[in-house]
Amino acid sequence: MTQLMNENGIRCDGRRVDQLRNISIKVGVLKNADGSAYIEFGKNKILAGVFGPRDVHPKHMANQDSGILRCRYHMSPFSVTERKNPAPSRREIEISKVIKEALLPAVILKDFPRTVVDVFIEVLQADGGTRCAALDAASIALADAGIPMRDLVSACAAGKVADQIVLDINNEEDQEGQADMPIAYMPNLEKITLMQLDGILSPSEYKKCVQTGINGCKLVYEMQRKALMDKYFTNET
Amino acid sequence: MMETKRRYVIPGDVITTGPFRPEQNVYQEGDRIISTSVGISEIFDNAVRVIPLTGIYMPKTNDLIIGKVIGHSSLSWEFDINSCFVGFLPAQDVFGRDYSPTKDELKERLDKGDLVAARVANFDRSRDPLLTVQDRDLGKIESGELIEISPSKVPRLIGKRGSMIQTIEMATKAMITIGQNGWIVVSSEDPDGLLKAIEAIRMVDAQAHMPNLTERVKSMLGVELGDNNDTINE
(Lines give C-alpha, C1' and ligand atoms only; values in the text may rest on other atoms or scores of the structure.)
Protein backbone atom coordinates (compact mmCIF):
# COMPACT_ATOMS: atom_id res chain seq x y z
CA MET A 1 0.00 0.00 0.00
CA THR A 2 1.34 3.42 -0.93
CA GLN A 3 1.63 6.07 1.74
CA LEU A 4 -1.31 8.46 1.24
CA MET A 5 -0.17 11.14 3.67
CA ASN A 6 3.22 11.98 5.17
CA GLU A 7 3.90 13.14 8.74
CA ASN A 8 3.59 16.83 7.73
CA GLY A 9 0.03 16.31 6.48
CA ILE A 10 1.03 16.49 2.82
CA ARG A 11 -0.86 14.12 0.51
CA CYS A 12 0.53 11.74 -2.10
CA ASP A 13 0.27 14.34 -4.87
CA GLY A 14 1.78 17.13 -2.75
CA ARG A 15 -1.45 18.85 -1.72
CA ARG A 16 -2.54 20.01 1.73
CA VAL A 17 -5.68 18.41 3.23
CA ASP A 18 -7.91 21.33 2.20
CA GLN A 19 -6.44 22.01 -1.21
CA LEU A 20 -8.10 21.42 -4.58
CA ARG A 21 -6.31 20.14 -7.63
CA ASN A 22 -5.55 22.67 -10.36
CA ILE A 23 -8.68 23.53 -12.31
CA SER A 24 -8.97 25.19 -15.67
CA ILE A 25 -12.26 25.71 -17.50
CA LYS A 26 -13.03 26.86 -21.04
CA VAL A 27 -16.52 27.76 -22.20
CA GLY A 28 -17.89 27.46 -25.74
CA VAL A 29 -15.31 25.06 -27.17
CA LEU A 30 -17.68 23.18 -29.52
CA LYS A 31 -19.06 25.01 -32.53
CA ASN A 32 -21.88 22.60 -33.34
CA ALA A 33 -23.31 22.36 -29.82
CA ASP A 34 -25.64 25.04 -28.44
CA GLY A 35 -23.48 25.23 -25.34
CA SER A 36 -20.24 23.55 -24.32
CA ALA A 37 -17.45 23.51 -21.79
CA TYR A 38 -14.10 21.83 -21.28
CA ILE A 39 -12.68 21.28 -17.83
CA GLU A 40 -9.30 20.09 -16.61
CA PHE A 41 -9.68 19.06 -13.00
CA GLY A 42 -6.19 17.88 -11.98
CA LYS A 43 -5.51 15.10 -14.46
CA ASN A 44 -9.19 14.74 -15.39
CA LYS A 45 -10.02 16.05 -18.85
CA ILE A 46 -13.72 16.29 -19.59
CA LEU A 47 -15.78 17.76 -22.41
CA ALA A 48 -19.47 18.62 -22.07
CA GLY A 49 -21.88 19.57 -24.85
CA VAL A 50 -25.48 20.75 -24.51
CA PHE A 51 -28.16 20.68 -27.21
CA GLY A 52 -31.59 22.16 -26.93
CA PRO A 53 -34.26 22.84 -26.08
CA ARG A 54 -35.20 20.80 -29.15
CA ASP A 55 -37.75 18.26 -30.37
CA VAL A 56 -37.96 15.07 -28.35
CA HIS A 57 -37.21 11.78 -30.07
CA PRO A 58 -38.65 9.25 -29.33
CA LYS A 59 -41.88 11.25 -29.12
CA HIS A 60 -43.39 9.26 -26.23
CA MET A 61 -40.76 10.68 -23.86
CA ALA A 62 -42.07 14.22 -24.34
CA ASN A 63 -43.83 15.92 -21.47
CA GLN A 64 -46.74 18.26 -22.31
CA ASP A 65 -46.23 20.35 -19.18
CA SER A 66 -42.51 20.92 -19.18
CA GLY A 67 -39.26 20.21 -20.93
CA ILE A 68 -37.20 17.20 -19.99
CA LEU A 69 -33.52 16.77 -19.28
CA ARG A 70 -31.44 13.91 -20.61
CA CYS A 71 -27.89 13.23 -19.67
CA ARG A 72 -25.22 10.91 -21.01
CA TYR A 73 -21.93 10.38 -19.21
CA HIS A 74 -19.43 8.42 -21.23
CA MET A 75 -15.81 7.46 -20.77
CA SER A 76 -13.63 7.23 -23.85
CA PRO A 77 -11.83 3.92 -24.42
CA PHE A 78 -8.52 5.77 -23.94
CA SER A 79 -9.53 7.64 -20.77
CA VAL A 80 -8.08 5.00 -18.44
CA THR A 81 -4.86 2.95 -18.46
CA GLU A 82 -6.47 -0.26 -19.68
CA ARG A 83 -8.82 0.09 -22.66
CA LYS A 84 -12.38 0.62 -21.56
CA ASN A 85 -15.13 -0.97 -23.60
CA PRO A 86 -16.96 1.98 -25.19
CA ALA A 87 -20.40 0.42 -24.57
CA PRO A 88 -22.20 2.08 -21.64
CA SER A 89 -21.36 0.17 -18.48
CA ARG A 90 -23.45 -0.21 -15.34
CA ARG A 91 -21.33 2.49 -13.70
CA GLU A 92 -21.77 4.98 -16.57
CA ILE A 93 -25.54 4.50 -16.62
CA GLU A 94 -25.65 5.17 -12.89
CA ILE A 95 -23.47 8.28 -13.14
CA SER A 96 -25.60 9.59 -16.02
CA LYS A 97 -28.61 9.23 -13.75
CA VAL A 98 -27.09 10.96 -10.71
CA ILE A 99 -25.72 13.82 -12.83
CA LYS A 100 -29.14 14.32 -14.39
CA GLU A 101 -30.74 14.39 -10.96
CA ALA A 102 -28.10 16.79 -9.68
CA LEU A 103 -28.74 19.24 -12.54
CA LEU A 104 -32.52 18.97 -12.49
CA PRO A 105 -33.12 21.25 -9.45
CA ALA A 106 -31.06 23.97 -11.14
CA VAL A 107 -32.61 24.12 -14.61
CA ILE A 108 -35.99 25.77 -15.29
CA LEU A 109 -37.68 23.85 -18.11
CA LYS A 110 -41.34 24.72 -17.54
CA ASP A 111 -41.27 27.29 -20.38
CA PHE A 112 -40.21 24.67 -22.92
CA PRO A 113 -43.02 22.09 -23.05
CA ARG A 114 -42.60 19.12 -25.43
CA THR A 115 -38.87 19.69 -25.75
CA VAL A 116 -35.69 18.11 -24.44
CA VAL A 117 -32.35 19.44 -23.27
CA ASP A 118 -29.58 16.94 -23.97
CA VAL A 119 -26.34 16.99 -22.02
CA PHE A 120 -23.47 14.92 -23.36
CA ILE A 121 -20.40 14.41 -21.21
CA GLU A 122 -17.28 12.77 -22.58
CA VAL A 123 -14.45 11.85 -20.23
CA LEU A 124 -11.22 12.06 -22.22
CA GLN A 125 -8.91 11.29 -19.32
CA ALA A 126 -9.97 10.06 -15.89
CA ASP A 127 -8.19 10.43 -12.56
CA GLY A 128 -10.76 10.09 -9.79
CA GLY A 129 -13.64 12.47 -9.13
CA THR A 130 -14.87 12.48 -12.72
CA ARG A 131 -18.54 12.74 -11.77
CA CYS A 132 -17.90 15.99 -9.91
CA ALA A 133 -15.74 17.45 -12.66
CA ALA A 134 -18.32 16.32 -15.24
CA LEU A 135 -21.08 18.09 -13.30
CA ASP A 136 -19.02 21.28 -13.14
CA ALA A 137 -18.55 21.23 -16.92
CA ALA A 138 -22.18 20.29 -17.61
CA SER A 139 -23.54 23.11 -15.51
CA ILE A 140 -21.48 25.75 -17.34
CA ALA A 141 -22.34 24.23 -20.70
CA LEU A 142 -26.04 24.61 -19.78
CA ALA A 143 -25.51 28.25 -18.87
CA ASP A 144 -23.60 28.74 -22.15
CA ALA A 145 -26.55 27.25 -24.06
CA GLY A 146 -28.80 29.84 -22.44
CA ILE A 147 -30.98 27.36 -20.56
CA PRO A 148 -32.61 29.27 -17.68
CA MET A 149 -31.11 28.15 -14.38
CA ARG A 150 -31.84 28.95 -10.75
CA ASP A 151 -28.15 28.70 -9.97
CA LEU A 152 -24.96 27.12 -11.25
CA VAL A 153 -24.16 23.68 -9.87
CA SER A 154 -20.68 23.28 -8.43
CA ALA A 155 -19.40 19.88 -7.42
CA CYS A 156 -16.44 18.60 -5.51
CA ALA A 157 -15.59 15.49 -3.52
CA ALA A 158 -14.43 15.20 0.07
CA GLY A 159 -13.37 12.08 1.90
CA LYS A 160 -11.37 10.37 4.56
CA VAL A 161 -7.75 9.45 3.90
CA ALA A 162 -5.27 8.24 6.53
CA ASP A 163 -7.86 9.01 9.25
CA GLN A 164 -8.17 12.62 8.17
CA ILE A 165 -10.97 14.44 6.34
CA VAL A 166 -9.55 15.76 3.07
CA LEU A 167 -10.87 17.77 0.12
CA ASP A 168 -10.96 16.58 -3.50
CA ILE A 169 -10.06 12.89 -3.53
CA ASN A 170 -7.82 11.81 -6.42
CA ASN A 171 -7.66 8.36 -8.00
CA GLU A 172 -5.14 6.84 -5.57
CA GLU A 173 -6.96 8.18 -2.53
CA ASP A 174 -10.21 6.87 -3.95
CA GLN A 175 -8.78 3.35 -4.40
CA GLU A 176 -7.02 3.11 -1.05
CA GLY A 177 -8.65 5.73 1.16
CA GLN A 178 -11.36 5.10 3.76
CA ALA A 179 -14.25 7.17 2.40
CA ASP A 180 -15.26 9.18 -0.66
CA MET A 181 -18.14 11.68 -0.69
CA PRO A 182 -19.01 13.54 -3.92
CA ILE A 183 -21.11 16.64 -3.26
CA ALA A 184 -22.87 18.96 -5.72
CA TYR A 185 -24.02 22.29 -4.39
CA MET A 186 -25.86 25.41 -5.56
CA PRO A 187 -23.74 28.12 -3.94
CA ASN A 188 -26.17 31.04 -4.05
CA LEU A 189 -29.18 29.03 -2.91
CA GLU A 190 -27.06 27.04 -0.42
CA LYS A 191 -28.64 23.77 -1.42
CA ILE A 192 -27.08 20.36 -2.00
CA THR A 193 -28.20 18.58 -5.18
CA LEU A 194 -26.00 15.49 -5.03
CA MET A 195 -24.46 13.65 -2.13
CA GLN A 196 -23.11 10.15 -2.23
CA LEU A 197 -20.94 8.36 0.29
CA ASP A 198 -18.76 5.35 -0.22
CA GLY A 199 -17.09 4.26 3.05
CA ILE A 200 -17.71 4.55 6.77
CA LEU A 201 -17.70 7.81 8.74
CA SER A 202 -18.65 8.61 12.33
CA PRO A 203 -21.37 11.28 12.78
CA SER A 204 -18.82 13.97 13.61
CA GLU A 205 -16.60 12.97 10.69
CA TYR A 206 -19.66 13.02 8.44
CA LYS A 207 -20.50 16.60 9.44
CA LYS A 208 -16.94 17.72 8.89
CA CYS A 209 -16.81 15.92 5.54
CA VAL A 210 -19.98 17.63 4.25
CA GLN A 211 -18.66 21.02 5.36
CA THR A 212 -15.29 20.38 3.70
CA GLY A 213 -17.04 19.36 0.48
CA ILE A 214 -19.24 22.46 0.48
CA ASN A 215 -16.20 24.69 0.99
CA GLY A 216 -14.60 22.96 -1.98
CA CYS A 217 -17.71 23.58 -4.11
CA LYS A 218 -17.51 27.28 -3.30
CA LEU A 219 -13.93 27.36 -4.54
CA VAL A 220 -14.95 25.54 -7.72
CA TYR A 221 -17.80 28.03 -8.20
CA GLU A 222 -15.34 30.92 -8.37
CA MET A 223 -13.51 29.14 -11.21
CA GLN A 224 -16.79 28.46 -13.05
CA ARG A 225 -17.84 32.05 -12.64
CA LYS A 226 -14.55 33.35 -13.97
CA ALA A 227 -14.74 31.02 -17.00
CA LEU A 228 -18.23 32.27 -17.92
CA MET A 229 -17.31 35.91 -17.36
CA ASP A 230 -14.19 35.45 -19.51
CA LYS A 231 -16.19 34.11 -22.42
CA TYR A 232 -18.96 36.71 -22.40
CA PHE A 233 -17.48 39.90 -21.02
CA THR A 234 -13.72 39.99 -21.74
CA ASN A 235 -13.40 42.42 -24.64
CA GLU A 236 -15.08 44.94 -22.37
CA THR A 237 -13.17 48.22 -22.03
CA MET B 1 -37.24 58.91 -12.88
CA MET B 2 -34.85 56.31 -11.58
CA GLU B 3 -31.53 55.77 -13.21
CA THR B 4 -31.01 52.46 -14.99
CA LYS B 5 -28.43 50.32 -13.23
CA ARG B 6 -26.61 47.77 -15.37
CA ARG B 7 -24.42 44.83 -14.37
CA TYR B 8 -23.01 41.67 -15.92
CA VAL B 9 -24.62 38.60 -14.38
CA ILE B 10 -24.56 34.81 -14.66
CA PRO B 11 -27.24 32.35 -13.48
CA GLY B 12 -27.61 32.42 -9.71
CA ASP B 13 -26.35 35.98 -9.22
CA VAL B 14 -28.40 38.01 -6.76
CA ILE B 15 -29.20 41.21 -8.65
CA THR B 16 -30.89 43.04 -5.81
CA THR B 17 -32.96 42.59 -2.70
CA GLY B 18 -36.11 44.41 -1.79
CA PRO B 19 -39.49 45.32 -3.27
CA PHE B 20 -38.82 45.07 -6.98
CA ARG B 21 -40.90 43.52 -9.72
CA PRO B 22 -39.25 40.51 -11.41
CA GLU B 23 -39.48 40.59 -15.22
CA GLN B 24 -37.66 38.62 -17.93
CA ASN B 25 -34.98 36.08 -17.03
CA VAL B 26 -35.10 36.61 -13.30
CA TYR B 27 -36.93 34.94 -10.45
CA GLN B 28 -37.75 35.84 -6.90
CA GLU B 29 -36.55 33.78 -3.94
CA GLY B 30 -37.69 35.33 -0.67
CA ASP B 31 -36.83 39.00 -1.12
CA ARG B 32 -33.87 38.29 -3.38
CA ILE B 33 -34.13 38.69 -7.14
CA ILE B 34 -31.88 36.25 -8.95
CA SER B 35 -30.74 36.04 -12.56
CA THR B 36 -31.42 32.88 -14.59
CA SER B 37 -29.23 33.70 -17.59
CA VAL B 38 -25.88 35.00 -18.65
CA GLY B 39 -26.51 38.61 -19.57
CA ILE B 40 -26.82 42.21 -18.51
CA SER B 41 -29.12 43.04 -15.61
CA GLU B 42 -31.21 46.19 -15.60
CA ILE B 43 -33.07 47.83 -12.75
CA PHE B 44 -35.52 50.35 -14.12
CA ASP B 45 -38.67 51.80 -12.57
CA ASN B 46 -38.75 49.18 -9.78
CA ALA B 47 -38.60 46.39 -12.35
CA VAL B 48 -35.67 44.03 -12.69
CA ARG B 49 -34.79 42.12 -15.83
CA VAL B 50 -31.84 40.48 -17.52
CA ILE B 51 -31.06 40.93 -21.21
CA PRO B 52 -29.65 37.53 -22.15
CA LEU B 53 -26.53 37.14 -24.28
CA THR B 54 -27.26 33.54 -25.26
CA GLY B 55 -30.24 31.28 -25.79
CA ILE B 56 -32.77 30.21 -28.36
CA TYR B 57 -35.71 32.15 -29.77
CA MET B 58 -39.03 31.82 -27.92
CA PRO B 59 -41.98 32.80 -30.13
CA LYS B 60 -44.13 35.71 -28.93
CA THR B 61 -47.45 36.77 -30.40
CA ASN B 62 -47.03 39.58 -32.96
CA ASP B 63 -43.32 38.98 -33.53
CA LEU B 64 -42.13 39.43 -37.10
CA ILE B 65 -40.03 36.41 -37.97
CA ILE B 66 -38.39 34.81 -40.96
CA GLY B 67 -39.10 31.14 -41.50
CA LYS B 68 -37.95 28.45 -43.89
CA VAL B 69 -40.45 25.96 -45.30
CA ILE B 70 -39.57 22.42 -44.19
CA GLY B 71 -42.65 20.70 -45.54
CA HIS B 72 -46.41 20.71 -45.75
CA SER B 73 -49.47 18.61 -45.13
CA SER B 74 -52.65 19.03 -47.17
CA LEU B 75 -53.84 21.87 -44.91
CA SER B 76 -50.77 23.76 -43.74
CA TRP B 77 -47.09 24.45 -44.18
CA GLU B 78 -44.48 23.74 -41.54
CA PHE B 79 -41.66 26.22 -40.94
CA ASP B 80 -38.26 26.08 -39.37
CA ILE B 81 -38.30 29.28 -37.30
CA ASN B 82 -34.95 28.83 -35.51
CA SER B 83 -36.71 27.80 -32.30
CA CYS B 84 -37.48 24.60 -30.45
CA PHE B 85 -40.97 24.72 -31.94
CA VAL B 86 -42.19 24.34 -35.52
CA GLY B 87 -44.24 27.17 -37.01
CA PHE B 88 -47.54 26.40 -38.75
CA LEU B 89 -49.03 28.43 -41.59
CA PRO B 90 -52.55 27.34 -42.50
CA ALA B 91 -53.31 27.10 -46.23
CA GLN B 92 -56.37 29.36 -45.84
CA ASP B 93 -54.03 32.17 -44.91
CA VAL B 94 -52.49 32.15 -48.40
CA PHE B 95 -55.35 30.86 -50.62
CA GLY B 96 -58.23 32.57 -48.83
CA ARG B 97 -61.33 31.15 -47.19
CA ASP B 98 -62.42 29.06 -50.17
CA TYR B 99 -59.28 26.91 -50.03
CA SER B 100 -59.94 23.30 -50.92
CA PRO B 101 -57.28 20.60 -50.57
CA THR B 102 -58.51 18.87 -53.73
CA LYS B 103 -58.28 21.95 -55.95
CA ASP B 104 -55.29 23.95 -54.73
CA GLU B 105 -51.71 22.76 -54.68
CA LEU B 106 -49.68 24.12 -51.75
CA LYS B 107 -46.39 23.48 -53.51
CA GLU B 108 -47.22 26.02 -56.21
CA ARG B 109 -47.19 28.88 -53.72
CA LEU B 110 -44.48 27.86 -51.26
CA ASP B 111 -42.05 24.98 -51.67
CA LYS B 112 -39.46 23.41 -49.41
CA GLY B 113 -36.57 25.79 -48.70
CA ASP B 114 -38.50 28.98 -49.46
CA LEU B 115 -38.00 31.87 -47.06
CA VAL B 116 -41.05 33.68 -45.76
CA ALA B 117 -41.51 36.78 -43.66
CA ALA B 118 -44.38 36.05 -41.29
CA ARG B 119 -45.94 37.23 -38.08
CA VAL B 120 -46.69 35.02 -35.08
CA ALA B 121 -50.50 35.08 -34.92
CA ASN B 122 -50.87 32.95 -31.83
CA PHE B 123 -48.65 31.02 -29.48
CA ASP B 124 -49.07 29.51 -26.07
CA ARG B 125 -47.45 26.65 -24.22
CA SER B 126 -50.07 24.11 -25.25
CA ARG B 127 -49.69 24.56 -29.00
CA ASP B 128 -47.03 25.18 -31.62
CA PRO B 129 -46.83 28.75 -32.94
CA LEU B 130 -49.39 29.72 -35.58
CA LEU B 131 -48.09 32.05 -38.29
CA THR B 132 -49.79 34.49 -40.61
CA VAL B 133 -48.69 36.32 -43.77
CA GLN B 134 -51.75 38.56 -44.06
CA ASP B 135 -50.17 41.92 -43.52
CA ARG B 136 -48.12 44.50 -45.34
CA ASP B 137 -44.55 43.40 -46.24
CA LEU B 138 -45.23 39.79 -45.28
CA GLY B 139 -45.02 36.76 -47.54
CA LYS B 140 -42.46 34.98 -49.63
CA ILE B 141 -39.01 36.54 -49.84
CA GLU B 142 -37.88 36.43 -53.46
CA SER B 143 -34.27 37.58 -53.19
CA GLY B 144 -31.60 38.52 -50.69
CA GLU B 145 -28.93 37.11 -48.47
CA LEU B 146 -29.86 35.21 -45.29
CA ILE B 147 -27.76 35.97 -42.21
CA GLU B 148 -28.14 34.21 -38.88
CA ILE B 149 -27.36 36.01 -35.65
CA SER B 150 -28.10 35.14 -32.06
CA PRO B 151 -31.82 35.90 -31.39
CA SER B 152 -30.91 37.55 -28.09
CA LYS B 153 -28.99 40.23 -30.00
CA VAL B 154 -31.83 41.28 -32.31
CA PRO B 155 -32.92 44.21 -30.08
CA ARG B 156 -29.37 45.55 -30.22
CA LEU B 157 -29.35 45.33 -34.03
CA ILE B 158 -32.57 47.35 -34.18
CA GLY B 159 -31.31 49.84 -31.61
CA LYS B 160 -33.25 52.51 -29.74
CA ARG B 161 -36.28 53.39 -31.90
CA GLY B 162 -34.58 51.69 -34.87
CA SER B 163 -31.48 53.89 -34.75
CA MET B 164 -28.94 51.15 -35.44
CA ILE B 165 -30.75 49.58 -38.35
CA GLN B 166 -31.48 52.98 -39.90
CA THR B 167 -27.79 53.82 -39.70
CA ILE B 168 -26.83 50.64 -41.50
CA GLU B 169 -29.55 50.96 -44.14
CA MET B 170 -28.70 54.59 -44.90
CA ALA B 171 -24.97 53.97 -45.14
CA THR B 172 -25.19 50.90 -47.37
CA LYS B 173 -28.44 51.53 -49.28
CA ALA B 174 -29.45 47.95 -48.49
CA MET B 175 -32.90 46.65 -47.62
CA ILE B 176 -32.81 44.77 -44.34
CA THR B 177 -35.62 42.58 -43.00
CA ILE B 178 -35.05 41.55 -39.41
CA GLY B 179 -36.81 38.52 -37.96
CA GLN B 180 -37.11 38.45 -34.19
CA ASN B 181 -35.88 34.86 -34.39
CA GLY B 182 -32.38 36.00 -35.40
CA TRP B 183 -32.75 35.44 -39.13
CA ILE B 184 -32.13 38.47 -41.25
CA VAL B 185 -32.48 39.00 -44.99
CA VAL B 186 -30.40 41.67 -46.67
CA SER B 187 -30.92 42.67 -50.27
CA SER B 188 -29.29 45.39 -52.28
CA GLU B 189 -28.71 46.43 -55.89
CA ASP B 190 -25.14 47.30 -55.05
CA PRO B 191 -22.89 44.31 -54.18
CA ASP B 192 -20.49 46.46 -52.14
CA GLY B 193 -23.35 47.82 -50.06
CA LEU B 194 -24.58 44.28 -49.49
CA LEU B 195 -21.19 43.13 -48.19
CA LYS B 196 -20.86 46.24 -46.00
CA ALA B 197 -24.29 45.66 -44.49
CA ILE B 198 -23.53 42.02 -43.78
CA GLU B 199 -20.25 43.00 -42.15
CA ALA B 200 -22.03 45.57 -39.99
CA ILE B 201 -24.65 43.02 -38.86
CA ARG B 202 -21.96 40.51 -37.98
CA MET B 203 -20.17 43.22 -36.01
CA VAL B 204 -23.30 43.95 -33.96
CA ASP B 205 -23.68 40.21 -33.29
CA ALA B 206 -20.09 39.91 -32.07
CA GLN B 207 -19.97 43.07 -29.96
CA ALA B 208 -23.55 43.33 -28.72
CA HIS B 209 -22.56 43.89 -25.10
CA MET B 210 -20.16 46.78 -25.79
CA PRO B 211 -21.13 50.38 -25.07
CA ASN B 212 -21.29 52.98 -27.89
CA LEU B 213 -21.97 50.30 -30.46
CA THR B 214 -23.78 52.66 -32.83
CA GLU B 215 -20.70 54.89 -32.89
CA ARG B 216 -18.44 51.92 -33.61
CA VAL B 217 -20.68 50.73 -36.43
CA LYS B 218 -20.80 54.25 -37.86
CA SER B 219 -17.02 54.55 -37.94
CA MET B 220 -16.75 51.09 -39.51
CA LEU B 221 -19.18 52.14 -42.23
CA GLY B 222 -17.38 55.44 -42.68
CA VAL B 223 -20.36 57.58 -41.68
CA GLU B 224 -19.79 61.01 -40.17
CA LEU B 225 -20.40 60.87 -36.44
CA GLY B 226 -23.45 62.67 -35.12
CA ASP B 227 -23.68 66.38 -34.24
CA ASN B 228 -23.68 65.86 -30.50
CA ASN B 229 -20.28 64.21 -30.79
CA ASP B 230 -18.83 67.31 -32.42
CA THR B 231 -19.95 69.49 -29.56
CA ILE B 232 -18.21 67.12 -27.15
CA ASN B 233 -15.00 67.45 -29.15
CA GLU B 234 -15.14 71.21 -28.92
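Basis of the calculations
- Along every chain, residues carry numbers that run from 1 in the direction the sequence is written.
- As they are written, the chains are lettered A onward and the ligands numbered 1 onward, keeping that order.
- The model is predicted, so local features are restricted to residues of pLDDT at least 70 and side-chain atom pairs to those at 80 or more, both for listing and for counting; the totals for chains, interfaces and linings are taken over all residues.
- Secondary structure elements follow DSSP: runs of H or I of four or more residues count as helices, runs of E of two or more count as strands, with numbering from the N terminus.
- Comment: burial labels come from other C-beta atoms within 10 Å of the residue's own C-beta, placed from the backbone, where a count of 20 or more is buried, 12 or fewer is exposed, and between is partly exposed.
- Any residue pair is listed as a contact if its two C-beta atoms, each placed from the backbone, are within 7 Å.
- The reference for a compact globule is 2.2 Å times residues^0.38; the radius of gyration itself is calculated from the C-alpha atoms.
- Polarity classes work like this: nonpolar for Ala, Val, Leu, Ile, Met, Phe, Trp, Tyr, Cys and Pro, charged for Asp, Glu, Lys and Arg, and polar for all others, with Gly in that last group.
- With axes taken as lines fitted to C-alpha atoms, and helix axes fitted only over the stretch in contact, angles between N-to-C directions fall between 0 and 180 degrees.
- Note that the term roughly parallel is reserved for angles under 35 degrees, roughly antiparallel for angles over 145, roughly perpendicular for angles of 65 to 115, and oblique for everything else.
- The domain boundaries here were taken from an automatic or database domain assignment.
- Taken from the helix axis, the directions to the C-beta atoms give the arc we talk about.
- Here, a nonpolar core denotes buried Ala, Val, Leu, Ile, Met, Phe, Trp, Tyr and Cys residues that are linked to one another through C-beta atoms within 7 Å.
- A pair of strands is treated as paired once DSSP finds two or more bridges between them.
- What a helix should span is 1.5 Å times the count of its residues minus one.
- Crossing handedness follows the turn of the near helix against the far one: under a right angle anticlockwise gives a left-handed crossing, and clockwise gives a right-handed one.

1. Topic: the overall build of chain B
Counting its secondary structure elements, chain B contains seven helices and 16 strands. Reported as C-alpha extents along the three principal axes, the dimensions of chain B are approximately 65 × 50 × 25 Å. Looking at chain B as a whole, 34% of its 234 residues qualify as buried. Within chain B, contacts between residues at least 6 apart in sequence are counted, and of these 56% link residues at least 24 apart.

2. So, the overall build of chain A
For chain A, the helix and strand inventory stands at four helices and 10 strands. The order of α-helices and β-strands along chain A, N terminus first, is β-β-β-β-α-β-α-β-β-α-β-β-β-α. In summary, chain A has a C-alpha radius of gyration of 18 Å against a globular reference of 18 Å for 237 residues, a match within 12%. Each principal axis of the C-alpha distribution contributes one length, and for chain A these read about 55 × 50 × 35 Å. For chain A, with 237 residues in total, the buried portion stands at 47%.

3. As for the interface of chain B and chain A
With 20 residues of chain B at the contact, the number on the chain A side is 24 residues. For the side of chain B that touches chain A, the class distribution of residues is 11 nonpolar, seven polar and two charged.

4. Let's talk about the environment of Pro52 of chain B
One can find Pro52 of chain B in strand S7 (residues 47–52). With 15 residues separating them in the primary sequence, Pro52 of chain B and Ser37 of chain B have C-alpha atoms 6.0 Å apart. When residues no more than four places from it in sequence are discounted, the contact partners of Pro52 of chain B are Gly146 of chain A together with Asn25, Ser37, Val38, Gly39 and Ser152 of chain B.

5. A short note on the packing of helix H4 (residues 163–172) of chain B against helix H6 (residues 213–221) of chain B
Residue and element names in this part refer to chain B. With their axes 10 Å apart at the nearest point, H4 and H6 run at an angle of 5° to one another. Between H4 and H6, the angle is such that the two are roughly parallel. Residues Ser163, Met164, Thr167, Ile168, Ala171 and Thr172 of H4 pack against Thr214, Val217, Lys218 and Leu221 of H6. When its residues are assigned to classes, the contact of H4 with H6 shows five nonpolar, four polar and one charged.

6. With respect to the domain arrangement of chain B
Segmenting chain B into domains produces domain 1 (5–52), domain 2 (64–140) and domain 3 (145–226). A straight line from the C-alpha centre of domain 1 of chain B to that of domain 3 of chain B covers 28 Å.

7. Comments concerning H4 of chain B
Residue and element names in this part refer to chain B. By the burial criterion, the buried members of H4 are Met164, Ile168 and Thr172. The buried residues of H4 all sit within an arc of 40° when viewed along its axis, so they share a single face. Away from its buried face by more than 90 degrees, H4 exposes Ser163 and Met170. Residues of H4 that are buried in the fold lie against helix H3 (154–158), strand S15 (175–178), helix H5 (191–206) and H6. Looking at the residues trailing H4, positive phi occurs at Lys173, about 55°.

8. Overview of the nonpolar core
Of all hydrophobic cores here, the largest spans 83 residues; its most connected members are Ala48, Leu103, Val119, Ala134, Ala137, Ala138 and Leu142 of chain A. Residue contributions to this core peak at 10 residues, all from helix H2 (residues 130–144) of chain A. Apart from residues no more than four positions distant in its own chain, Ala138 of chain A is found in contact with Ala48, Ile99, Leu103, Val119 and Ile121 of chain A. Formed by 35 residues, the second largest nonpolar core is a distinct cluster that contains Ile65, Ile81, Val120 and Val186 of chain B.

9. A short note on the environment of Ser66 of chain A
Residues and elements named next belong to chain A. Within the secondary structure, Ser66 is located in the loop between strand S3 (44–55) and strand S4 (68–75). Note: C-alpha distance between Ser66 and Phe51 (15 residues apart in sequence) is 16 Å. Once you skip the residues sitting within four places of it in the chain, Ser66 turns out to touch Leu109, Lys110 and Pro113.

10. A word on the sheet that holds strand S16 (residues 183–187) of chain B
Residues and elements named next belong to chain B. Ordered in space as S14-S16-S15, the three strands form an open sheet in which the pairing is antiparallel. In this open sheet, the two strands that pair with only one neighbour each are strand S14 (145–148) and S15. Taken over all neighbouring pairs, the strand axes of this sheet differ in orientation by 25° on average, direction set aside. Sheet topology note: the S15/S16 ladder contains four bridges and is antiparallel. Bridging from a neighbouring strand, Met175 pairs with Ser187 of S16.

11. Describing helix H4 (residues 203–233) of chain A
All names here are of chain A. In this model, H4 (31 residues) spans 44 Å end to end at C-alpha, consistent with the 45 Å of a helix rising 1.5 Å per residue. Buried within H4 we find Cys209, Thr212, Gly213, Gly216, Cys217, Val220, Tyr221, Gln224, Ala227, Leu228, Lys231 and Tyr232. Where the residues of H4 are buried, they touch strand S1 (23–27), H2, strand S6 (154–161), strand S7 (164–167) and strand S8 (179–186).

12. So, the sheet that holds strand S2 (residues 14–17) of chain B
Residues and elements named next belong to chain B. Strand order in the open sheet formed by three strands is S2-S5-S4, with antiparallel pairing between adjacent strands. Each edge of the sheet is formed by a strand with only one pairing partner; in this case those strands are S2 and strand S4 (26–29). Between one strand axis and the next, the sheet turns by 25° as a mean value, whatever way the strands run.

13. A look at the packing of helix H1 (residues 90–103) of chain A against H2 of chain A
Relative orientation and spacing of two packed helices are given, respectively, by the angle between their axes and the distance between those axes. All names here are of chain A. Viewed as axis vectors pointing N to C, H1 and H2 meet at an angle of 45°, and their least axial separation amounts to 10 Å. One finds that H1 runs oblique with respect to H2. Viewed along their axes, H1 and H2 form a crossing whose handedness is right-handed. Of the residues in H2, those touching H1 at Ile95, Val98, Ile99, Ala102 and Leu103 are Arg131, Ala134, Leu135, Ala138, Ser139 and Leu142. Taken together, the residues of the contact of H1 with H2 sort by class into nine nonpolar, one polar and one charged.

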